[in-house]
Amino acid sequence: MDFRKTSTDSKNICEYTNQSSSWTDNDLLMLSGIQHIAFCERQFALIYIEQQWVENLLTVEGHFMHERVDDPFESEIRNDRVILRSLPVVSFKLGLYGRADVIELIKTGKYEKGTVIKIEERDGWWYPVPVEYKRGKPKPDDRDEVQLCAQAMCLEEMYNILINVGYIYYGETRHRQEVRLTRELRKSVENYASRMHELYREGNTPLPVVRKGCRSCSMVDLCMPDSLSRAQSVSDYLKQLC
Ligand code: SF4
């Protein structure tokens, strides 16, 4: 299925959709990395710079849950709702590309500048709403929200629209959580994306910072946070003596 962007009134589009593009095809990083850098910079670097990866129960369950949405791009129509799965998305402003789990297009009879799109061979106007699927339950940090918001920002750039809200579906609690795509959340996405490019350019893997999340981290055996932190403390101590 193909869908076209609307004609838009630039005055009604937020500042984010008016920013000039800054990255090229060759600079693009995987959007999925934003959830890792939001959790731990070292985890991001181990996976995306050093390209190390270890499966544990949590990641296997996560992959299983994504199996359906990660099929080649497909669509489904349910009354006044079109569901797009595994849609390729890109933002040259953020320098990120990837696939959105699910984009729901919700029909409206009303045309609202800069928020709706047209679908080929279908009448009416449609609001795009991104939905991200996650195993587990809501997390204490913002990693799921920034990933969803990054997908929304890609869609905004691709179709020159503004998206105000998205949803995260959690497999463990079997509920959808509404996420308002606020200015603050967008700023976090920009900061994380910029940090991803910085670390990637420098090729640096930050040292571990031991945290509660290390226990369930898929990289814990490769990362060795306890021993490296202890080694770092000893090295700092010795430097102070010199
Ligand atoms: S084990 Fe801890 S410090 Fe190491 S990558 Fe995972 S979360 Fe980061």
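First, a word on scope: everything that follows refers to the structure included in this document.

### Describing the overall build of the protein
When helices and strands are counted, the protein shows eight helices and nine strands. Taking all 242 residues of the protein together, the buried fraction comes to 44%. In the protein, the share of contacts with a sequence separation of at least 24, taken over all contacts with a separation of at least 6, comes to 66%. Of the roughly 13100 Å² that the protein leaves accessible, carbon and sulfur atoms contribute 50%.

### Describing helix α3 (residues 41-49)
Residues spaced three or four apart along an α-helix point in a common direction, a consequence of the helix completing one turn every 3.6 residues. Summarising burial for α3: seven of the nine residues are buried, a large majority. Phi turns positive one or two residues past the end of α3, at Q51, with a value near 55°.

### A look at the site of the ligand
The ligand sits among F39, C40, Q43, P208, V209, C214, C217, V220, C223 and P225. When atom positions are compared with the pocket grids, the ligand is found to occupy the largest cavity. Each residue belonging to the shell around the ligand can be placed in one class, and the counts come to nine nonpolar, one polar and no charged. When residues of the shell around the ligand are sorted by domain, at least three fall in each of domain 1 (3-206) and domain 2 (207-242).

### Considerations on empty space enclosed by the protein
Using the criterion set out here, one finds two cavities of 30 Å³ or more in the structure. Put simply, the largest cavity is a space of about 100 Å³. Lining the largest cavity are 15 residues; nearest its centre among them are C40, R211, C214, C217 and C223. Broken down by secondary-structure element, the contributors of at least two residues to the lining of the largest cavity are α3 and α7 (220-223).

### Observations concerning the pattern of salt bridges
Summed over the entire model, instances satisfying the criterion amount to 14 salt bridges. Note that E76 and R78 form a salt bridge whose closest N and O atoms lie 2.7 Å from each other. A relative accessible area of 23% means that E76 is categorised as partly exposed. Across the pair E190 and K187 runs a salt bridge whose closest N-O atoms are separated by 3.3 Å. With E190 and K187 both in helix α6 (residues 183-202), this residue pair falls three residues apart, about one helical turn. Here the residues in one salt-bridge network are E41, R195 and E198, joined through shared partners.

Procedures and definitions
Residues numbered from 1 in each chain as written. Predicted model: local features only at pLDDT ≥ 70, side-chain atom pairs only at ≥ 80, totals over all residues. Heavy atoms only, no water. Helix = DSSP H or I, 4+ residues; strand = E, 2+ residues; numbered from the N terminus. Buried < 20%, exposed > 50% of the residue type's maximum accessible area, 1.4 Å probe, protein only. Contact = heavy atoms within 4.5 Å. Areas by Shrake-Rupley, 256 points an atom, 1.4 Å probe, with all protein chains shown as cover. Near = heavy atom within 4 Å. 1 Å grid on protein atoms, 1.4 Å probe; cavity = no way out; pocket = protein on both sides within 12 Å on 5 of 7 lines; lining within 4 Å. Sits in = over half its atoms within 2 Å of the grid points. Nonpolar A, V, L, I, M, F, W, Y, C, P; charged D, E, K, R; others polar. Domains from an automatic or database assignment. Points joined across faces, edges and corners; volume = space filled by probe spheres on them. Salt bridge = Lys/Arg side-chain N within 4 Å of Asp/Glu carboxyl O.

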